[in-house]
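Descriptive structure summary
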Amino acid sequence: MGTDLHCEQEAKLHSTAKRLVSALEQHSTSSRSPTRNPHTSRPTTEFGIFRPKMLHWAIFVMSLLLEPCLCDSKCEGDKIQYVARSCKELKETYEVHVDGLYYLTTTNGIRYEAFCDMTTAGGGWTLVASVHENNLYGKCTLGDRWSSQQGDNPNLPEGDGTWSNKVTFGSPEAATSDDYKNPGYYDITAEDVSVWHVRNNAEMEEWIANSILRYHTETSFLTLQGGNLYQLFKRYPVRYNAGACNTGKGPTVPIMYDLGNAESTANLYGPNARGMKALLCTSL
């Protein structure tokens, strides 16, 4: 939806609002005699029979008049005005180049808030999930949404099934303090993946500064795996005691480091690694 259409709709709204407020003022002033409807004892306006409850609408409408947002220059950066399915679409359609939170809309019309990385490798990366370890000494305990919150139960080999279902949880701002998954995980059709390893409880504005590793793929491998992580793990499910380490483990994809290298990665995944958070982003 273009800016001109937004402005036209706002102008019509303001015009109607002014007429409504004017009518309410006219019929709420004792010095004026309202026009009587022959079928009722209550006064009427051009909007119909006057009712005291209309005053509540007047207050709401007046707030719109005082704070117009769609066309006011002070609201040009309001991130709710964009209609896009991914951060890549935001970047290409609206020329958005600033990292931060934006509203996205799924194919089915569900609106949600997501973090957009508009700088790494050309930008346009949508944060769709984060994997957080809240108890280094617990296994399959409360809060382990990406494995199981129901204990190490052999009768539930898929655990919570989070990698291949459409259950969402958490919030983008708390992505380094808890597990997080938004509708973009299964809705966005993507080509590549970006992964950030960030210290626990880091503020969103400090994610880059608190990163231990950051890397991404550039081979468009997701196009051959269904287009997103949801479809990828449908094909290669995460299950207890399923398959073998050398077979059926999914594609092997080269990565490009934005921060770190092979040596620092080996150190991170060593036996003494502690307190890390993996942020998973996808890009068209």
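Residues numbered from 1 in each chain as written. Predicted model: local features only at pLDDT ≥ 70, side-chain atom pairs only at ≥ 80, totals over all residues. Heavy atoms only, no water.

- An unreviewed UniProt entry annotates the protein chain as Fibrinogen C-terminal domain-containing protein originating from Anguilla anguilla.

Here we look at the packing of aromatic side chains
- Considering all chains together, one arrives at seven aromatic pairs under this definition.
- Measuring from centroid to centroid gives 4.8 Å for Tyr82 and Tyr94, while their planes differ by 50 degrees, and the two rings are tilted. One end of the pair, Tyr82, is in the loop between helix 2 (54-66) and helix 3 (87-94); the other, Tyr94, is in helix 3, with 12 residues separating them in the sequence.
- For Tyr94, a relative accessible area of 24% puts it in the partly exposed group.
- Arranged with centres 4.9 Å apart and planes meeting at 65 degrees, the rings of Phe115 and Trp207 form a pair that is edge-to-face. Here the residue Phe115 occupies a position in strand 4 (residues 111-117), and Trp207 occupies one in the loop between strand 7 (192-199) and strand 8 (211-216), the gap between them amounting to 92 residues. (Phe/Tyr/Trp six-rings, centres within 6.5 Å; stacked < 30°, edge-to-face > 60°. Helix = DSSP H or I, 4+ residues; strand = E, 2+ residues; numbered from the N terminus. Buried < 20%, exposed > 50% of the residue type's maximum accessible area, 1.4 Å probe, protein only.)

Notes on the confidence of the model for the protein chain
- Mean pLDDT over the protein chain: 75, with 57% of residues reaching 70 or higher.
- Here helix 2 stands out as the least confident element of the protein chain, with mean pLDDT 43; helix 4 (residues 184-187) is the most confident, with 98.
- Within the model, pLDDT remains below 50 along residues 1-8, and this stretch shows seven contacts once partners closer than five positions in the same chain are excluded.
- Low pLDDT, under 50, characterises residues 53-77; the stretch is placed with 30 contacts to residues that sit more than four places away or in other chains. (pLDDT = per-residue confidence, 0-100. Contact = heavy atoms within 4.5 Å.)

Notes on the state of the cysteines
- Inspection of every chain in the model, using the stated rule, returns one disulfide.
- Note on cysteine connectivity: Cys87 is disulfide-linked to Cys116, with sulfurs 1.9 Å apart. What sets the handedness of the Cys87 and Cys116 disulfide is the S-S torsion sign, and at about -75 degrees it is left-handed. Placement of Cys87 in helix 3 and of Cys116 in strand 4 is noted, with a sequence separation of 29 residues between them. For the pair shown, Cys87 and Cys116 are each scored as buried. (Disulfide = S-S within 2.5 Å.)

What about unusual backbone geometry?
- Phi at Glu95 is positive, roughly 55 degrees, even though this residue is not glycine.
- Position of Glu95 relative to the elements: it lies in the loop between helix 3 and strand 3 (100-105).
- Its identity is not glycine, yet Ala121 carries a phi of approximately 45 degrees, on the positive side.
- When you line up the elements, Ala121 lands in the loop between strand 4 and strand 5 (125-132).
- Looking at Ala121, the relative accessible area reads 47%, which means it is partly exposed.

Examining the side chain of Thr217
- Its place among the elements puts Thr217 in the loop between strand 8 and helix 5 (229-235).
- Among the residues examined, Thr217 registers a relative accessible area of 7% and is labelled buried.
- Here the side chain of Thr217 touches Asp192 through a polar contact of 2.7 Å, side chain to side chain.
- When sequence neighbours within four positions are dropped, the list of residues in contact with Thr217 reads Trp125, Asp192, Val193, Val253, Pro254 and Ile255. (Polar contact = N/O pair within 3.5 Å; in protein donor to acceptor, adjacent residues only side chain to side chain.)

What about the environment of Ala84?
- Structurally, the position occupied by Ala84 is in the loop between helix 2 and helix 3.
- Among the residues examined, Ala84 registers a relative accessible area of 4% and is labelled buried.
- For the pair Ala84 and Thr107, spaced 23 residues apart in sequence, the C-alpha separation works out to 9.7 Å.
- Once you skip the residues sitting within four places of it in the chain, Ala84 turns out to touch Glu89, Leu90, Tyr94, Leu104 and Thr105.

Quick look at the nonpolar core
- Grouped together as the largest cluster of nonpolar side chains are 31 residues, with contacts concentrated most on Leu90, Tyr185 and Leu229.
- Those elements giving two or more residues to this core turn out to be helix 3, strand 3, strand 4, strand 5, helix 4, strand 7, strand 8 and helix 5.
- Looking at which element gives the most residues to this core, the answer is helix 5, with four residues.
- With 10 residues, the next largest nonpolar core counts Phe115, Leu127, Val198 and Ala202 among its residues. (Core = buried A, V, L, I, M, F, W, Y, C linked by side-chain atoms within 4.5 Å.)

Thoughts on the side chain of Lys181
- With respect to the secondary-structure elements, Lys181 resides in strand 6 (residues 180-181).
- A distance of 2.6 Å separates a polar side-chain atom of Lys181 from the backbone oxygen of Asn165.
- In this structure Lys181 touches Val128, Ala129, Trp146, Thr162, Asn165, Lys166, Val167, Thr168 and Phe169, once residues within four positions along its chain are discounted.

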